[in-house]
Amino acid sequence: SDNAFAWMLCRRTLRKCGNAYFERCSLFNSYYLVTAGVAAGAANSYMWTGTPHYAWGMLSLLGFTLLLTGGVISRAPLSPKLQ
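### Concerning the overall build of the protein
Inference 1: In terms of helices and strands, the protein carries four helices and zero strands.
Inference 2: In sequence order, the secondary structure elements of the protein are arranged as α-α-α-α.
Inference 3: In summary, the protein has a C-alpha radius of gyration of 17 Å against a globular reference of 12 Å for 83 residues, an excess of more than 25%.
Inference 4: In terms of overall dimensions, the protein has C-alpha extents of about 50 × 40 × 10 Å along its principal axes.
Inference 5: Relative to its 83 residues, the protein shows a buried fraction of 7%.
Inference 6: Taken as a whole, the protein presents about 6800 Å² of accessible surface, with 69% of it coming from carbon and sulfur.

### Brief notes about a nonpolar patch on the surface
Inference 1: Together, V34, V38 and L67 make up an exposed nonpolar region whose accessible area comes to about 220 Å².
Inference 2: Take V34: it is sitting in helix α2 (residues 19-49).
Inference 3: Looking at V34, the relative accessible area reads 46%, which means it is partly exposed.

### Digging into the packing of α2 against helix α3 (residues 53-75)
Inference 1: Between α2 and α3, the shortest axis-to-axis distance is 11 Å and the interhelical angle comes to 160 degrees. In terms of axis orientation, α2 runs roughly antiparallel to α3. In this structure, α2 meets α3 at a crossing whose hand is right-handed. Facing L27, Y31, T35, V38, A39, A42, S45 and Y46 of α2, the residues of α3 in contact are H53, W56, F64, L67, L68, G71, V72 and R75.
Inference 2: When grouped by side-chain class, the residues that make up the contact of α2 with α3 number eleven nonpolar, four polar and one charged.

### Re α2
Inference 1: The end-to-end C-alpha distance of α2 is 44 Å, a good match for the 45 Å that 31 residues give at a rise of 1.5 Å each.
Inference 2: Among all positions of α2, only F22, C25 and A42 are buried.
Inference 3: Phi turns positive, to about 70 degrees, at G50, one or two residues after α2.

Reading guide: rules and limits
Residues numbered from 1 in each chain as written. Predicted model: local features only at pLDDT ≥ 70, side-chain atom pairs only at ≥ 80, totals over all residues. Heavy atoms only, no water. Helix = DSSP H or I, 4+ residues; strand = E, 2+ residues; numbered from the N terminus. Rg over C-alpha atoms; globule rule 2.2 N^0.38 Å. Buried < 20%, exposed > 50% of the residue type's maximum accessible area, 1.4 Å probe, protein only. Areas by Shrake-Rupley, 256 points an atom, 1.4 Å probe, with all protein chains shown as cover. Patch = residues over 30% accessible without salt bridge, like charges linked within 9 Å, V, L, I, M, F, W, Y side chains within 5 Å. Salt bridge = Lys/Arg side-chain N within 4 Å of Asp/Glu carboxyl O. Axes fitted to C-alpha atoms, helices over the stretch in contact; angles between N-to-C directions. Parallel < 35°, antiparallel > 145°, perpendicular 65-115°, else oblique. Left-handed = near helix turned anticlockwise from the far one by under 90°. Contact = heavy atoms within 4.5 Å. Nonpolar A, V, L, I, M, F, W, Y, C, P; charged D, E, K, R; others polar. Expected span 1.5 Å × (residues − 1).

In structure tokens, the structure reads:
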């Protein structure tokens, strides 16, 4: 319950700094959580399927790079609105 209260205080402070700053922080947090979820899914998939390490590593790097690049490029037109 202490963490929830701290989050509410943090959220209120971020909102006071301006909605654009709050949205930017939310976007970065979302990217972090999605990347962590994909990494956990990839690790589980690697363990369950027994894919060779080298091939899996190359595919993971390619997939993560494409995922993050696609996310950044898709949000680039919105970045001037956050300034």
